[in-house]
Amino acid sequence: MATIKDVSKLAGVSVATVSRYLNKNGYVSKEAAETIAEVIEKLNYRPNNIARSLAGMKSATIGLMVPDILNPFFPELARSIEDAANGYGYTVMLCNTDNDSVKERKYIDTLLQKQVDGIIISSYTIKPEHLTGLQKQSIPVVLMDNVFSSDSVVSLTVENRRGGELAVQHLLAQGCSKIAHICGPLTITSSRERTAGFEDASRGTDWFTPSLIGYSDFTVKGGYSAMKELLALHPDLDGVFASNDLMAAGAMKALQETGRSIPSDVKVVGFDGIGLEMMNPELSTIAQPISELGKTAMDSLVGLIREESDIVTDQVFPVTLIKKQSTRKN
Ligand code: RIB
């Protein structure tokens, strides 16, 4: 009986290309598609689960868990993961957990029942023991935005601490003299590191006080409420660093509602770089390389699935300051 490997060999293309052709997922050139179709006919090849497993795949599906699909950061991430996954012949099952640990557990069980080949997890609620459970069942996992002490988990993060520092340094350079910070969920390393970066650059200045840090949840609503609270405590603040762009958008709404003009009265920097062009004024931000993160997450997951030995466990990506009108100098 012919296998997917026989088809790939005779057609002169990779197994992943044949898989993309069979699953109608991802790009296959017209020429390659014609050749594969001819070879399939010639070898009387019938794709089935056995052929899949010969190609090293259990279900040719991977799971992607995100905490909040309404945050544009995650569709952008999902898109690059999906593009890369298709290139390898995988289909992506998207699970939006709504930041709810019960929903998250249910999704993990469902993904296991569906025999996914691996899971990419971005979560504000996942705990190390959940990952250990998956690892015990030999499910390859790539974790985003979080680092657990166990060195056997592949984690992807960005220079969060440096990003927090950069944001404050930029606000100071633009003339701010009292800067507040809206921090994200403390359950993830990325969020804690951004706040640590804010503190690195602020502690020791004559204006810093811990009550300039407001605690929130990476949502627009959360950013809005945190900003209102900060303004009640510090009506004279003139700069804000929010740990993500959505909270920065909420903060800007609160500032404008209370009669403050951005950037002349208060300057604002976000984090992520999700390109909220519709904002007025446009938001300065510490941008993450979202597409690259997605592609690398998928490359790493495939490396784990194939049991390659050279996978880097902790990968840290650079961030970039993007200057827009929200921090323009007066
Ligand atoms: O905005 C969503 C946030 O969740 C991002 O900053 C990303 O890093 C993740 O932690």
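All residue numbers here refer to positions counted from 1 along the written sequence of the relevant chain. The model is predicted, so local features are restricted to residues of pLDDT at least 70 and side-chain atom pairs to those at 80 or more, both for listing and for counting; the totals for chains, interfaces and linings are taken over all residues. Where side-chain values are given, they derive from all heavy atoms of the structure, hydrogens and water being excluded.

**Some points on the domain arrangement of the protein chain**
Cut-off, in case you're wondering: The split of the chain into domains comes from an automatic or database domain assignment. The contact rule is simple, with two residues in contact once any of their heavy atoms fall within 4.5 Å. Buried area, as used here, totals the accessible surface that two parts lose on assembly, with accessibility defined by a 1.4 Å probe and the loss added over both. Any Lys or Arg side-chain nitrogen located within 4 Å of an Asp or Glu carboxyl oxygen qualifies as a salt bridge. We call two N or O atoms a polar contact when they sit within 3.5 Å, provided that within protein one can donate a hydrogen and the other can accept it, with sequence-adjacent residues counted only if both atoms are side-chain atoms. Polar here means any residue other than Ala, Val, Leu, Ile, Met, Phe, Trp, Tyr, Cys and Pro, which are nonpolar, and Asp, Glu, Lys and Arg, which are charged; Gly is therefore polar.
You can read the domains of the protein chain as domain 1 (4-47), domain 2 (61-157 + 289-317) and domain 3 (160-288 + 321-327). The straight-line distance from the C-alpha centre of domain 1 to that of domain 2 is 28 Å. Counting residues at the interface gives 6 residues for domain 1 and 6 residues for domain 2. Each partner contributes to the roughly 410 Å² buried at the junction of domain 1 and domain 2, and carbon and sulfur atoms together form 41% of this total. At the boundary of domain 1 and domain 2, one finds 0 salt bridges. Our enumeration of links across domain 1 and domain 2 arrives at 1 residue pair in polar contact (both at pLDDT 80 or more). Of the residues that constitute the side of domain 1 that touches domain 2, the class distribution is 1 nonpolar, 4 polar and 1 charged.

**Looking at empty space enclosed by the protein**
As a reminder, the rule being used: Cavity means a closed set of points on a 1 Å grid over the protein atoms alone, one where a 1.4 Å probe fits but cannot get out, pocket means an open set with protein on both sides within 12 Å along at least 5 of 7 lines, and lining means a residue has an atom within 4 Å of a point. Grid points are joined across faces, edges and corners, and a volume is the space filled by probe spheres set on the points.
Overall, the coordinates contain 2 cavities of 30 Å³ or more when judged by the stated rule. Estimated volume of the largest cavity: approximately 80 Å³. Taken together, N71, F73, F74, Y124, D145, I188, R194, F218, N244, D272 and Q288 make up the full set of residues lining the largest cavity. Along the lines of polarity and charge, the residues of the lining of the largest cavity split into 5 nonpolar, 3 polar and 3 charged.

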